[in-house]
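Listed here are the chains, written in short residue letters.
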Amino acid sequence: MTTTENEASLWPPVTHETKPWAYWWWMGSAVDEANLTRELTRYRDAGMGGVHIIPIYGAKGFEKRFVSYLSPRWLALLKYTLTEAERLGLGIDMSVGCGWCLGGPNVRDEDANQSLVIRPDGSITSKPSGQKVKRAGLGGEGWMLNPASERAHRRFMERFTRAFSGWKGPLPRAIYQDSYEYNNDWAPELLEAFEKKHGYKLQDHFNVFAPPSQAERRSAEGGRLERGTSGGRGDAGDAERVLADYREIHSDLMVEKAQPVWIAWGKRRGMISRYEAHGAPGNLLDLYALADIPETEMFHDDRSILVSKFASSAAHVTGKKLASAETGTWLKEHFTETLGNLKVLVDEMFLSGINHIFWHGTIYSPDEAAWPGWVFYASTQMNPRNPIWRHAKALHDYISRCQSFLQAGEPGSDVLLYWPYHDLLHSQKGRIEKLTVHQRGWLEKQTLGPLAQQLLDRGWQFDFVSDRMLTKKLPARYKAVVVPATTHFPPETLARLKRLRIPVFFVDTLPTDVPGFGRLSERRAKLEAAKRGLRPTPRAQLEAALTQAGAVRETLAELGLSVVRRMVERNTLRFVVNPTPKTVTLPGALGQCLSPLTGKSGSRMLPPNGSVILPGYGGESSARAEGATQVLKNPWEVVFLEGGPTLPPPFLCEKLGSWTEQGPEYEAFSGTARYTTIFEAKPGRYILDLGRVCESARVRLNGEEVGAVILAPLTLELSVSKPTGNVLEVEVASLAANRIRDMDRRGVVWQNFYDINFVNLAYKHFDASQWPVTPCGLLGPVTLTHLMD
């Protein structure tokens, strides 16, 4: 009943990169060899492929074990970890520094992230913004680095050059920088770079940075802005143009000068790079594209497939194999996330073009630390101490099967969607705007956002593209470029688009102006010359135009299904998800269906939140013909296998329900229980439906493994070989919520960490004492439905 050898051959080979990885926080770097080996072995056994080391603040009571970052002892522990991981078949990535963002004790005041300061005489200077490295561990404390300064980055990396000089032994696969949480709007190189690019001095226009007085605001409302230049009156449009040029050069310094420094440092030593560019006040596509593995994230309810497509687009357009995602950050309140919740989130990542999942995350915790061990505050607790770990391998195997296909071949996107970045630079409020995953007006309120959503909903497979990306050779798979209604358009980009050998569709209108302030008349003339012979495409005609260009729409979208496409060895592979509340039957003409949850051939009937892989080959999968259904009514013997605070006594269950109903000892328990019953059934194939399970289950029939279920509908196909005496075992794992609730009600101290300690979703003190009791166990009803031949 497990996956057969023949069924296993349907899937590409599994590697450590097709498996999910995890952020791995080292609290106080208080790690030791014995516990490192134990933790890494557990990750390996649960189906994970690697971990990402991040040193952070420590746990109270363990101060004598703290190890200073990059000290000889720390480097020895790193080398031991890398060696053990290699032995176990795991990969290791590593942050550049402690906590986040880049920074530390070697960052001088002049190299720290900077805030622009306006002097009384109208001139400007800068000072450190005051930001220190967040959640730093011992030896990693200090200023955050200036993300736009090349000089600052070169000085910063000198510490790592010294630490790793003479290094012998394995190295991390990749070095990493977290999402942009700097407060920075200046760099010492900015003035020179500004004049070189734009042809005029920003010093002559410093007053654009001054907040307008009440009189100036009234004047601006009348169409004039008296703070436009330091030399006198200036048009409001002129001030906007100067600010757009300033924002662009700040972005350029990050893209062209500063961020490549740490990436190149790793590459010279044989390490690739992972980079979360979101949050930066810059061109996200170009920043993501700097890395070997661009990385996105979704945060609690801030989940946007379109935003995440910026990272995957950067990978696709520039020919990178992997696009990763920080996955599970604040998914729900602590200890209430289910494996099913995580599966739905992972599917959204896959639909965004992501193919390398990183849990956020797990944490090193020594076995001698009392339960729940060391925990990190902004994380799904994907660690061996959480009861959901009992069946986590089922989810990890699902991810690995999906990623084995999604990392193969090349992306199936065949449309490029231009990002009107310069319109954004002209429309920002304030001095400079961070482009975060939380506040998404930078995308959704642009003309790009609604058009991208329309194309996504209609099943078009597209990648975003930037001006800078268009200067490079594009992959041949793209059939067309779509340009949303755009006002400010660089004439150089328009000239490049005209030279492409694929059609370019300007939706509804052609660009009307150039961005910025420098050389305005000259650039406007070039734009008008480049526009000659072009015609806009009405939005209503866009899809027909894309089809005529050779782009292919996924018509499964008409059934409400979401699809991401890959091209693998001349086959068109589709990963399909049903986000609707109803079961959808896939057309038979699509060929074989593979179920990544079971590793077997799948059904064409796709339930809500169900997913399937259509590999583009093989025979037609059939819809199941179902016969009679019987409810399993015999008593269930319930035995507790692992968890705490103590294992409750076994009990006989005449009617299925939450084990918490058995009394206070059961109410406080979180962990795993085994339900066993005996049933009679005519030999044949059946669908076992467990009904309601809180929260995941693994099933055995007559001592033989059937499979695991983590998401409703909780069904498995099985074969009954004898009419009587069939022994069904259902192993159920709960959440940790009730045990945490019990500890907080009894005043047990477990939140015992430095820095932010442990907070709830609202960043307030975490307290589960007032939570209601969470249902646990097998609630049923459990049924068997006969499958007709």
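Described in the following lines is the structure provided in the data block.

Here we look at the packing of helix H10 (residues 339-351) against helix H11 (residues 392-406)
The geometry of H10 relative to H11 is characterised by a closest axis approach of 10 Å and an angle of 10° between their N-to-C directions. In terms of orientation, H10 lies roughly parallel with respect to H11. From H10, Leu-339, Leu-342, Lys-343, Val-346, Asp-347 and Phe-350 reach across to H11, where they touch Ala-392, Leu-395, Tyr-398, Ile-399, Cys-402, Gln-403 and Leu-406. Within the contact of H10 with H11, the residues separate by chemical class into 10 nonpolar, 1 polar and 2 charged.

Overview of the packing of aromatic side chains
With the rule as written, the count across this model stands at 52 aromatic pairs. An aromatic cluster is defined as three or more aromatic residues linked by ring pairs; in this entry it consists of Trp-24, Trp-26, Tyr-43, Tyr-69, Trp-74, Phe-156, Phe-160, Phe-164, Trp-167, Trp-265 and Trp-389. Above the plane of the ring of Trp-167 lies Lys-79, whose end atom (NZ or CZ) is 4.6 Å from the centre. Geometry around Phe-358 places Arg-274 over its ring, the cationic atom sitting 3.7 Å from the centre.

Some details on the nonpolar core
Among the nonpolar cores identified, the biggest contains 207 residues, and Phe-164, Phe-310, Trp-374, Tyr-377, Trp-419, Leu-546 and Phe-575 are the most heavily contacted of them. Apart from the residues lying within four places of it in its own chain, the contact partners of Trp-419 are Gly-282, Asn-283, Leu-284, Leu-285, Phe-310, Leu-424, Leu-435, Trp-442, Gln-446, Leu-448, Val-465 and Asp-467. Core analysis: the next-biggest nonpolar cluster, separate from the first, contains 34 residues, Val-638, Ala-681, Val-732 and Leu-778 among them.

Considerations on the sheet that holds strand S27 (residues 626-631)
Spatially, 4 strands are ordered S27-S38-S31-S35 in an open sheet, and the strand pairing comes out antiparallel. The open sheet is flanked by S27 and strand S35 (715-720), the only strands paired with a single partner. Between one strand and the next, the sheet's axes are offset by a mean angle of 30°, whatever the strand orientation. With 4 bridges connecting them, S27 and strand S38 (residues 783-787) associate as antiparallel partners. Residue Glu-626 lies in a different strand from S38, and its bridge partner there is Leu-787.

Regarding the pattern of salt bridges
A full pass over the atoms with the stated rule returns 52 salt bridges. Its salt-bridge partner being Asp-347, residue Lys-343 comes within 2.7 Å of it at the nearest N-O pair. Highlighted residues: Lys-343 and Asp-347, both in helix H10, separated by 4 residues, approximately one helical turn. For the pair formed by Lys-343 and Asp-347, the shared burial category is buried. For Arg-524, the salt bridge goes to Asp-513, with nearest N and O atoms at 2.9 Å. Of the two residues, Arg-524 is situated in helix H16 (residues 520-531) and Asp-513 in the loop between strand S19 (504-506) and H16; the sequence distance between them amounts to 11 residues. A residue is classified by how much of its surface remains accessible, and Arg-524, at 35% relative accessible area, is partly exposed. A relative accessible area of 13% means that Asp-513 is categorised as buried.

Some points on the sheet that holds strand S17 (residues 462-465)
Taken in spatial order, the 4 strands of this open sheet run S17-S16-S18-S19, and their pairing is parallel. Single-partner strands in this sheet number two, and they are S17 and S19. Direction aside, neighbouring strands of the sheet carry axes that sit 25° apart on average. One ladder, built from 4 bridges, connects strand S16 (residues 415-418) with S17; its direction is parallel. Each residue of the ladder has a partner; that of Val-415, found in S17, is Phe-462.

Side note on the environment of Ser-404
As for its placement among the helices and strands, Ser-404 is situated in helix H11. With relative accessibility at 5%, the residue Ser-404 sits in the buried group. On a C-alpha basis, the gap between Ser-404 and Trp-11 in space is 7.3 Å, while along the polypeptide they are 393 residues apart. When sequence neighbours within four positions are dropped, the list of residues in contact with Ser-404 reads Trp-11, Pro-12, Pro-13 and Thr-18.

Thoughts on helix H14 (residues 448-457)
Listed as buried for H14 are Leu-448, Gly-449, Leu-451, Ala-452 and Leu-455. Buried residues of H14 fall within an arc of 165° about the axis and therefore sit on the same side. A positive phi of about 95° marks Gly-459, the residue just after H14.

Regarding the packing of helix H2 (residues 33-45) against helix H3 (residues 72-88)
Two elements in contact, H2 and H3, have axes separated by 10 Å at closest approach and are oriented at 35°. The handedness of the crossing between H2 and H3 comes out as right-handed. Where H2 abuts H3, its residues Glu-33, Leu-36, Thr-37, Leu-40, Thr-41 and Arg-44 lie against Arg-73, Leu-77, Tyr-80, Thr-81, Glu-84, Ala-85, Arg-87 and Leu-88. Broken down by class, the residue content of the contact of H2 with H3 amounts to 6 nonpolar, 3 polar and 5 charged.

Procedures and definitions
Residues numbered from 1 in each chain as written. Predicted model: local features only at pLDDT ≥ 70, side-chain atom pairs only at ≥ 80, totals over all residues. Heavy atoms only, no water. Axes fitted to C-alpha atoms, helices over the stretch in contact; angles between N-to-C directions. Helix = DSSP H or I, 4+ residues; strand = E, 2+ residues; numbered from the N terminus. Parallel < 35°, antiparallel > 145°, perpendicular 65-115°, else oblique. Contact = heavy atoms within 4.5 Å. Nonpolar A, V, L, I, M, F, W, Y, C, P; charged D, E, K, R; others polar. Phe/Tyr/Trp six-rings, centres within 6.5 Å; stacked < 30°, edge-to-face > 60°. Lys NZ or Arg CZ within 6 Å of the ring centre and 35° of its normal. Core = buried A, V, L, I, M, F, W, Y, C linked by side-chain atoms within 4.5 Å. Buried < 20%, exposed > 50% of the residue type's maximum accessible area, 1.4 Å probe, protein only. Pairing = 2+ DSSP bridges. Salt bridge = Lys/Arg side-chain N within 4 Å of Asp/Glu carboxyl O. Arc of directions from axis to C-beta. Left-handed = near helix turned anticlockwise from the far one by under 90°.

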